[in-house]
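Chain and residue survey
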Amino acid sequence: MALIKIEIISDAICPWCYIGYRNLQKAISLYQETSPGGSNDTIEVWWRPYFLDQEPPKESIFIQDRMLRRMDPKMVAAAQTRLKRVGADAGIRFRFGGYIGSFRLAHQLLHMAAREGSELQCWVSELLFHYQFEEEADISQLGTVIAVGVQAGLREWIASGAGIAEMEAEAKKARADGVTGVPHFVIGGKHHMEGAVDMSQLFQAFVAIIEGQ
(Lines give C-alpha, C1' and ligand atoms only; values in the text may rest on other atoms or scores of the structure.)
Protein backbone atom coordinates (compact mmCIF):
# COMPACT_ATOMS: atom_id res chain seq x y z
CA MET A 1 0.00 0.00 0.00
CA ALA A 2 1.43 3.36 -1.06
CA LEU A 3 0.73 6.95 -0.09
CA ILE A 4 0.55 9.50 -2.87
CA LYS A 5 0.50 13.10 -1.68
CA ILE A 6 -0.82 15.75 -4.04
CA GLU A 7 -0.59 19.47 -3.45
CA ILE A 8 -2.74 21.90 -5.43
CA ILE A 9 -1.42 25.45 -5.38
CA SER A 10 -4.53 27.43 -6.18
CA ASP A 11 -6.47 30.65 -5.84
CA ALA A 12 -10.20 30.56 -5.15
CA ILE A 13 -10.57 33.33 -7.74
CA CYS A 14 -9.45 30.92 -10.49
CA PRO A 15 -12.15 29.03 -12.44
CA TRP A 16 -9.51 26.84 -14.09
CA CYS A 17 -8.51 25.61 -10.62
CA TYR A 18 -12.07 24.31 -10.22
CA ILE A 19 -11.83 22.51 -13.56
CA GLY A 20 -8.36 21.20 -12.72
CA TYR A 21 -9.62 19.72 -9.46
CA ARG A 22 -12.45 17.91 -11.25
CA ASN A 23 -9.91 16.47 -13.70
CA LEU A 24 -7.81 15.36 -10.74
CA GLN A 25 -10.80 13.64 -9.13
CA LYS A 26 -11.41 11.70 -12.34
CA ALA A 27 -7.74 10.72 -12.55
CA ILE A 28 -7.76 9.49 -8.95
CA SER A 29 -10.87 7.38 -9.59
CA LEU A 30 -9.37 5.91 -12.76
CA TYR A 31 -6.12 5.08 -10.97
CA GLN A 32 -7.84 3.40 -8.05
CA GLU A 33 -10.15 1.40 -10.35
CA THR A 34 -7.64 0.24 -12.97
CA SER A 35 -4.10 0.17 -11.55
CA PRO A 36 -2.84 -3.00 -9.84
CA GLY A 37 -3.14 -2.38 -6.14
CA GLY A 38 -4.49 1.11 -6.79
CA SER A 39 -7.57 0.55 -4.66
CA ASN A 40 -5.30 -0.06 -1.66
CA ASP A 41 -3.22 3.07 -2.13
CA THR A 42 -3.96 6.22 -0.16
CA ILE A 43 -4.14 9.51 -2.06
CA GLU A 44 -4.10 12.72 -0.05
CA VAL A 45 -4.93 16.05 -1.68
CA TRP A 46 -3.84 19.25 0.04
CA TRP A 47 -4.56 22.83 -1.04
CA ARG A 48 -1.93 25.56 -0.84
CA PRO A 49 -2.68 29.28 -1.30
CA TYR A 50 -1.66 31.49 -4.20
CA PHE A 51 -2.66 35.12 -4.66
CA LEU A 52 -3.32 36.07 -8.26
CA ASP A 53 -3.96 39.55 -6.86
CA GLN A 54 -0.90 40.23 -4.73
CA GLU A 55 -2.62 43.38 -3.50
CA PRO A 56 -6.18 42.41 -2.54
CA PRO A 57 -8.92 44.56 -4.08
CA LYS A 58 -10.57 46.91 -1.63
CA GLU A 59 -14.10 45.95 -2.67
CA SER A 60 -15.96 43.40 -4.73
CA ILE A 61 -16.73 44.16 -8.35
CA PHE A 62 -18.94 42.58 -10.99
CA ILE A 63 -17.11 39.60 -12.55
CA GLN A 64 -17.70 40.98 -16.04
CA ASP A 65 -16.05 44.27 -15.08
CA ARG A 66 -13.04 42.48 -13.62
CA MET A 67 -12.53 40.51 -16.81
CA LEU A 68 -12.87 43.68 -18.88
CA ARG A 69 -9.88 45.12 -17.06
CA ARG A 70 -7.69 42.52 -18.77
CA MET A 71 -9.55 41.74 -22.00
CA ASP A 72 -11.75 43.45 -24.56
CA PRO A 73 -15.47 42.50 -24.74
CA LYS A 74 -14.97 39.94 -27.53
CA MET A 75 -12.21 38.22 -25.58
CA VAL A 76 -14.36 38.17 -22.44
CA ALA A 77 -17.25 36.56 -24.32
CA ALA A 78 -14.91 33.97 -25.83
CA ALA A 79 -13.32 33.19 -22.46
CA GLN A 80 -16.69 32.72 -20.78
CA THR A 81 -17.95 30.53 -23.62
CA ARG A 82 -14.88 28.32 -23.34
CA LEU A 83 -15.18 28.05 -19.57
CA LYS A 84 -18.83 27.07 -19.85
CA ARG A 85 -18.02 24.42 -22.47
CA VAL A 86 -15.03 22.92 -20.66
CA GLY A 87 -16.79 23.25 -17.32
CA ALA A 88 -19.85 21.38 -18.57
CA ASP A 89 -17.61 18.44 -19.50
CA ALA A 90 -16.33 18.48 -15.91
CA GLY A 91 -19.84 18.73 -14.42
CA ILE A 92 -19.55 22.44 -13.59
CA ARG A 93 -22.24 24.97 -14.55
CA PHE A 94 -20.33 28.22 -14.72
CA ARG A 95 -22.28 31.44 -14.23
CA PHE A 96 -20.77 34.90 -14.43
CA GLY A 97 -23.42 37.16 -12.97
CA GLY A 98 -21.90 37.50 -9.53
CA TYR A 99 -19.34 39.69 -7.81
CA ILE A 100 -15.74 38.91 -7.02
CA GLY A 101 -13.28 40.44 -4.58
CA SER A 102 -10.45 39.48 -2.21
CA PHE A 103 -10.08 35.81 -1.39
CA ARG A 104 -7.92 36.14 1.71
CA LEU A 105 -10.82 35.02 3.93
CA ALA A 106 -11.40 31.94 1.75
CA HIS A 107 -7.71 31.03 1.97
CA GLN A 108 -7.80 31.50 5.73
CA LEU A 109 -10.74 29.10 5.96
CA LEU A 110 -8.95 26.55 3.77
CA HIS A 111 -5.87 26.80 5.97
CA MET A 112 -7.95 26.12 9.08
CA ALA A 113 -9.75 23.24 7.36
CA ALA A 114 -6.38 21.61 6.61
CA ARG A 115 -5.80 21.28 10.35
CA GLU A 116 -8.74 18.86 10.38
CA GLY A 117 -7.44 16.78 7.47
CA SER A 118 -7.20 16.72 3.70
CA GLU A 119 -10.72 15.40 3.12
CA LEU A 120 -12.34 18.31 4.92
CA GLN A 121 -10.06 20.81 3.19
CA CYS A 122 -11.02 19.37 -0.23
CA TRP A 123 -14.70 19.53 0.67
CA VAL A 124 -14.37 23.18 1.74
CA SER A 125 -12.42 24.08 -1.40
CA GLU A 126 -15.00 22.57 -3.72
CA LEU A 127 -17.83 24.25 -1.82
CA LEU A 128 -16.14 27.64 -2.12
CA PHE A 129 -15.69 27.15 -5.87
CA HIS A 130 -19.31 26.06 -6.19
CA TYR A 131 -20.62 29.09 -4.33
CA GLN A 132 -18.51 31.55 -6.33
CA PHE A 133 -18.82 30.15 -9.83
CA GLU A 134 -22.16 28.29 -9.85
CA GLU A 135 -24.27 30.02 -7.22
CA GLU A 136 -22.95 33.55 -7.95
CA ALA A 137 -22.27 34.03 -4.23
CA ASP A 138 -19.38 36.38 -3.48
CA ILE A 139 -16.98 34.38 -1.31
CA SER A 140 -14.95 37.48 -0.54
CA GLN A 141 -17.81 38.52 1.71
CA LEU A 142 -17.47 37.60 5.37
CA GLY A 143 -21.01 36.26 5.68
CA THR A 144 -20.57 33.86 2.76
CA VAL A 145 -17.27 32.47 4.01
CA ILE A 146 -18.61 32.09 7.54
CA ALA A 147 -21.58 30.14 6.15
CA VAL A 148 -19.15 27.73 4.47
CA GLY A 149 -17.12 27.48 7.68
CA VAL A 150 -20.23 26.66 9.70
CA GLN A 151 -21.16 23.89 7.25
CA ALA A 152 -17.65 22.50 7.71
CA GLY A 153 -17.94 22.62 11.49
CA LEU A 154 -15.29 25.35 11.76
CA ARG A 155 -17.20 27.83 13.88
CA GLU A 156 -14.34 29.54 15.69
CA TRP A 157 -11.94 29.90 12.80
CA ILE A 158 -12.22 33.65 12.23
CA ALA A 159 -12.66 35.11 15.69
CA SER A 160 -8.95 35.41 16.50
CA GLY A 161 -7.55 35.75 13.00
CA ALA A 162 -6.19 32.22 13.34
CA GLY A 163 -3.99 30.94 10.55
CA ILE A 164 -3.63 34.23 8.66
CA ALA A 165 0.15 34.62 9.12
CA GLU A 166 0.83 30.99 8.19
CA MET A 167 -1.46 31.17 5.15
CA GLU A 168 0.20 34.34 3.84
CA ALA A 169 3.64 32.80 4.39
CA GLU A 170 2.62 29.77 2.30
CA ALA A 171 1.40 32.03 -0.50
CA LYS A 172 4.71 33.91 -0.53
CA LYS A 173 6.62 30.63 -0.56
CA ALA A 174 4.76 29.46 -3.67
CA ARG A 175 5.96 32.51 -5.61
CA ALA A 176 9.47 32.16 -4.17
CA ASP A 177 9.51 28.55 -5.37
CA GLY A 178 8.80 29.74 -8.91
CA VAL A 179 5.09 29.10 -9.24
CA THR A 180 3.79 31.59 -11.81
CA GLY A 181 0.29 30.32 -12.52
CA VAL A 182 -2.49 28.20 -11.10
CA PRO A 183 -3.59 25.53 -10.73
CA HIS A 184 -0.16 24.09 -10.06
CA PHE A 185 -0.05 20.42 -9.09
CA VAL A 186 2.79 18.81 -7.15
CA ILE A 187 2.37 15.03 -7.24
CA GLY A 188 4.43 12.90 -4.93
CA GLY A 189 6.70 15.83 -4.21
CA LYS A 190 8.35 15.34 -7.62
CA HIS A 191 6.04 15.88 -10.55
CA HIS A 192 5.04 19.49 -11.18
CA MET A 193 2.18 20.19 -13.59
CA GLU A 194 0.69 23.60 -14.27
CA GLY A 195 -2.73 24.44 -15.64
CA ALA A 196 -6.00 22.51 -15.82
CA VAL A 197 -4.14 19.50 -17.19
CA ASP A 198 -5.92 16.57 -18.76
CA MET A 199 -7.02 13.63 -16.64
CA SER A 200 -4.71 11.26 -18.54
CA GLN A 201 -1.62 13.35 -17.73
CA LEU A 202 -2.47 13.30 -14.04
CA PHE A 203 -3.09 9.55 -14.20
CA GLN A 204 0.33 8.97 -15.78
CA ALA A 205 1.94 11.00 -13.00
CA PHE A 206 0.40 8.67 -10.40
CA VAL A 207 1.75 5.64 -12.26
CA ALA A 208 5.22 7.21 -12.49
CA ILE A 209 5.26 7.87 -8.75
CA ILE A 210 4.36 4.25 -7.93
CA GLU A 211 6.85 2.84 -10.41
CA GLY A 212 9.52 5.08 -8.90
CA GLN A 213 8.81 3.66 -5.47
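The model shown is predicted, which means the values in this text are computed figures rather than measured ones. (Residues numbered from 1 in each chain as written. Predicted model: local features only at pLDDT ≥ 70, side-chain atom pairs only at ≥ 80, totals over all residues. Heavy atoms only, no water.)

Description of unusual backbone geometry
In this structure, Pro183 follows Val182 across a cis peptide bond, with omega equal to 0 degrees. Tracing the backbone through its elements, the reader meets Pro183 in the loop between helix H7 (164-176) and strand E5 (184-187). Within the chain, Glu136 stands out as a residue other than glycine whose phi angle is a positive 60 degrees. Here Glu136 lies in the loop between helix H5 (118-133) and helix H6 (142-151). (Helix = DSSP H or I, 4+ residues; strand = E, 2+ residues; numbered from the N terminus.)

A closer look at the packing of helix H4 (residues 104-114) against H7
At a minimum axis distance of 9 Å, the contact between H4 and H7 shows a crossing angle of 105 degrees. As the angle between them shows, H4 and H7 are arranged roughly perpendicular. Contact residues: Arg104, His107, Gln108 and His111 in H4; Ile164, Glu166, Met167 and Glu170 in H7. Considering only residue class, the contact of H4 with H7 consists of two nonpolar, three polar and three charged. (Axes fitted to C-alpha atoms, helices over the stretch in contact; angles between N-to-C directions. Parallel < 35°, antiparallel > 145°, perpendicular 65-115°, else oblique. Contact = heavy atoms within 4.5 Å. Nonpolar A, V, L, I, M, F, W, Y, C, P; charged D, E, K, R; others polar.)

Let's talk about the nonpolar core
Membership of the largest hydrophobic core comes to 61 residues, with the highest contact counts inside it found for Ile6, Leu24, Val45, Ile187 and Phe206. Among the elements that make up this core, the one with the highest residue count is helix H1 (residues 15-34) (eight residues). Look past the residues within four positions of Ile6 in its chain and what remains in contact with it is Leu24, Ile28, Ile43, Glu44, Val45, Trp46, Val186, Ile187 and Phe206. (Core = buried A, V, L, I, M, F, W, Y, C linked by side-chain atoms within 4.5 Å. Buried < 20%, exposed > 50% of the residue type's maximum accessible area, 1.4 Å probe, protein only.)

Quick look at the pattern of salt bridges
The tally for this structure, following the rule as stated, stands at seven salt bridges. A salt bridge links Glu7 to Arg48; the shortest N-O distance between them is 3.0 Å. In this pair, Glu7 sits in strand E1 (residues 3-10) while Arg48 sits in strand E2 (residues 42-49), placing the two residues 41 residues apart along the sequence. On the accessibility criterion, Glu7 (23% relative accessible area) is partly exposed. What makes Arg48 partly exposed here is its relative accessible area of 21%. Residue Arg115 pairs with Glu166 through a salt bridge whose shortest N-O separation is 3.9 Å. Remark: Glu166 occurs in helix H7 and Arg115 occurs in the loop between H4 and H5; sequence separation between them is 51 residues. Here Glu166 falls in the partly exposed class, since its relative accessible area comes to 41%. (Salt bridge = Lys/Arg side-chain N within 4 Å of Asp/Glu carboxyl O.)

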